[in-house]
Amino acid sequence: MSVPASSASADGVRTDVAGVAPVELDRLRDLLLGPEIARLDGIAQHLARYRPSAEEMAPALAAALDLSQRAQPSALTQATWPLVAAGLQRSLEDSPQRVVDILFPIIGPLIRKSIAESLKDFAESLNLVLEQSFSPRYLRWRFEAWRSGVPFAEVVLRNTLLYSVEQVFLIQRESGLLIAHAARARAQGADSDAVSAMLNAIGDFVRDSFAGAQDGELSEVQVGGFEVQVQHGPVAMLALAVRGVPRLEIKHRAREALERLHAKHGAELRQFAGDGGVSPGIQPELDALLAQEQRAASKKTSLFRPGSLLLLLLAGGTLVSSCAWLYQRWQQSDFLRLLQAQPGIVLAARSGRDVVVLRDPLAAPISSFGDQHGLVIAERAWLSLDPPLVLARARRILELPDTVNASLNAGTLTLSGDFNAELPDGFVRLARSVAGVESVDLGDLHSNDPAQAFRSAKAEMAALKIQFNEGVEMAESALAQIDRAVRILSGLRGARFEAARLEITGHTDGTGLESSNRALGMDRAQAVAAALGARGLGPARIRLKYSLNEPASASDLSERRVTLRLLPAALVP
Amino acid sequence: MKTRKICVLGDFSVGKTSLTSRFVRNVFSERYQTTVGVKIDTLELDLAGEPIKLVIWDLAGTDALSTVSLSYLRGASGYLLVADATRALTFESAKNLHAAAQKFLGPVPFVVLLNKADLAAEREIALDSAAKLREEGWLAFDTSARSGENVEHAFLALAKLL
């Protein structure tokens, strides 16, 4: 049966358990629990005033941090980061040399690595330019630079940097497990987990086989048109599968992305165990690398954009026009070459379509042909000394009939055939005035005017000289002269002139007596007469004579000769 | 889906690549081609409603783990130890590899495969070896890549431990 701890009596006096008054109970409590209550109060006051000393906390601090790091690594990092940052800043301000000393073993390799990376990038750029310098695209880019006015180096840069980042792998270095993966929609390839594992294996193989354990990492793999660029971080690596020739800056972007991933998600990357699912911030970093490169890759299809098609049409039009222009130029050159081969035509000057030509009036007409070939021809008159034109000019000036043949040899105009009319006075002089004619030979020209023919024959006969050596011995040229005299005589027409006679005059040099010379002269005339007689000229038509009135010179051997003079029949006594 | 890296270890020509090919592609080739470095395959499994993707590193045969082989072993969640039942020495090699792997990886699960069980007449390792190993707490199977005997069981047994 339960008993209440206190109750009120009927007379109103308050009593407690077993009828004991409260005052007594308080006394009893003080007697039994007083010392403990006093100690508890003291402890409570002590705790309220307690401030742990450094000596008391030091042993526990390290263990506490260790426990916190294991339980909540990110929370501890977040909590201590301001302290670390402030401490570092303070240390830099107070004792920079100390920081320098600490960083000294690190800063050297860092600088060397940075310089090596820069030199490698520069070498790659240089290699790229050299490789492209002799390719077919080189000429196209030259033309593009010339057409657009853009510096050639910039054109090369713009064209060679077309690429497409097909896939991006974020791989845990320790295990080779794929942490995250991004790929373009059209990208095809092996299982991404297998690829990431294989990249990791290749990296291990290369590093362990060819490089030291600490330095060197696999940074590039090239297969055909693909290049895999690998950036290494402390716990993860980023691999980019790139189609084409990547921009150099892609490495920097990837490196920056990897640094951001380590900064924001370092713990997660380190602890990744393949359980799937990563922080939301990781995938966008990978996608951004794809998205940025897709714009560059789209330039590859620019060939079929409207602007390019228009450019293509313009280029085609230009090509057709150029071909037509070249064909016309070829035709013009061919025409001018043939033109210049014509007698009496000389190409004096040419400027574009305008051509200046020197043309003899007797040469072929050419102006109309110039129009056919797109040329404007200006003619300048001149006299050509081409033989065909000299002959044509002589025919026109001398009014030679078709029965007269004309030829030109070394400036001598030789006429032959029948003139069919009386040769005009001064015919020979007129012939000599023709440009290109220096002398005239009318030997075989027959005139229909007997008197004129006789005069011509007479003049020609007077020009003959039949030379002799010693005595009556004829020179070698003598017989030809005699034959010529016979032809002149046979060419005479008309009864009066056909009966013309020939006066043969013998000449001697000045040596010897006059009587002897007279006899010798007559003997020479007689010898010529005999030769003519042998050629059909009867003695009745011959008159012999010795030249008495012509002075003879002892030293002039040319006087050893016989001259002929044609005499009209009526004049012969 | 979780992903786990496992390695296949064993001496030369014990059938590591053939076992992997049988498990991943269900094929077997009589032609022997030595593995240079490592071959990697992947296979997705469904373990009683829990999907898992195995990334299988088929390491080149060796009787001791070199520096390169240790690099390949990093991050593995488990491994298969393969010995040739027709060559007793390969089991000794497997035990050496097991010791090195445990030292490098720590206590990760593993499975022992006594391969080429189909060549019964040439067998050098006792028929009850697998059973004895199991009695000692090891997961061990007599397997044949040629016939496919126990291949899937061995891989699945390891997968369940990951």
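See the structure shown above.
I will try to describe carefully the structure that is included in this document.

Rules behind the numbers
Residues numbered from 1 in each chain as written. Chains lettered and ligands numbered in written order. Predicted model: local features only at pLDDT ≥ 70, side-chain atom pairs only at ≥ 80, totals over all residues. Heavy atoms only, no water. Core = buried A, V, L, I, M, F, W, Y, C linked by side-chain atoms within 4.5 Å. Buried < 20%, exposed > 50% of the residue type's maximum accessible area, 1.4 Å probe, protein only. Helix = DSSP H or I, 4+ residues; strand = E, 2+ residues; numbered from the N terminus. Contact = heavy atoms within 4.5 Å. Buried area = accessible area lost by both parts, 1.4 Å probe. Salt bridge = Lys/Arg side-chain N within 4 Å of Asp/Glu carboxyl O. Polar contact = N/O pair within 3.5 Å; in protein donor to acceptor, adjacent residues only side chain to side chain. Pairing = 2+ DSSP bridges. Axes fitted to C-alpha atoms, helices over the stretch in contact; angles between N-to-C directions.

In this section: the nonpolar core. Grouped together as the largest cluster of nonpolar side chains are 52 residues, with contacts concentrated most on Val168, Leu170, Leu238, Leu240 and Leu286 of chain A together with Leu9 and Trp57 of chain B. It is helix α8 (residues 249-271) of chain A that contributes the most residues to this core, six residues altogether. Beyond its immediate sequence surroundings of up to four residues, tryptophan 57 of chain B is in contact with Ser175, Ala197, Asn200 and Ala201 of chain A together with Lys5, Ile6, Cys7, Val8, Val38, Lys39, Ile40 and Tyr72 of chain B. Within the second largest apolar cluster, 26 residues are counted, among which are Ile482, Leu492, Ala529 and Leu566 of chain A.

Next up on the list: the interface of chain A and chain B. On the side of chain B, 17 residues touch chain A, which itself brings 20 residues to the contact. Both sides together, the interface formed by chain A and chain B hides about 1600 Å², and carbon and sulfur atoms give 54% of it. Scanning the region where chain A abuts chain B turns up three salt bridges. Measuring nitrogen to oxygen at the nearest pair gives 2.4 Å for the salt bridge that ties lysine 53 of chain B to aspartate 193 of chain A. For the interface between chain A and chain B, the tally reads eight residue pairs in polar contact (both at pLDDT 80 or more).

On to unusual backbone geometry, then. Here glutamate 399 of chain A, not a glycine, exhibits a phi torsion of approximately 55°, which is positive. As for its position among the elements, glutamate 399 of chain A is in the loop between α12 (387-398) and β11 (404-409). Backbone geometry at lysine 116 of chain B places phi at a positive 65°, although glycine is not the residue there. The topology assignment puts lysine 116 of chain B in the loop between β5 (110-115) and α4 (129-135).

Let's shift gears to the sheet that holds strand β6 (residues 226-232) of chain A. Residues and elements named next belong to chain A. Strand order in the open sheet formed by five strands is β4-β3-β7-β6-β5, and the pairing between neighbours is antiparallel. Either end of the sheet is taken by a strand with one partner, and the two such strands are β4 (178-183) and β5 (220-223). Averaged over all neighbouring strand pairs, the angle between strand axes comes to 15°, with direction disregarded. Here strand β3 (residues 163-172) pairs with strand β7 (residues 236-244) via nine bridges, running antiparallel. In the strand pairing of β7, valine 165 is matched with valine 242. Contacting β3, β4, β6 and β7, helix α7 (residues 192-210) runs over the sheet at an angle of about 75° to β3. Docked against the sheet, α8 engages β3, β4, β5, β6 and β7, running at close to 150° with respect to β7.

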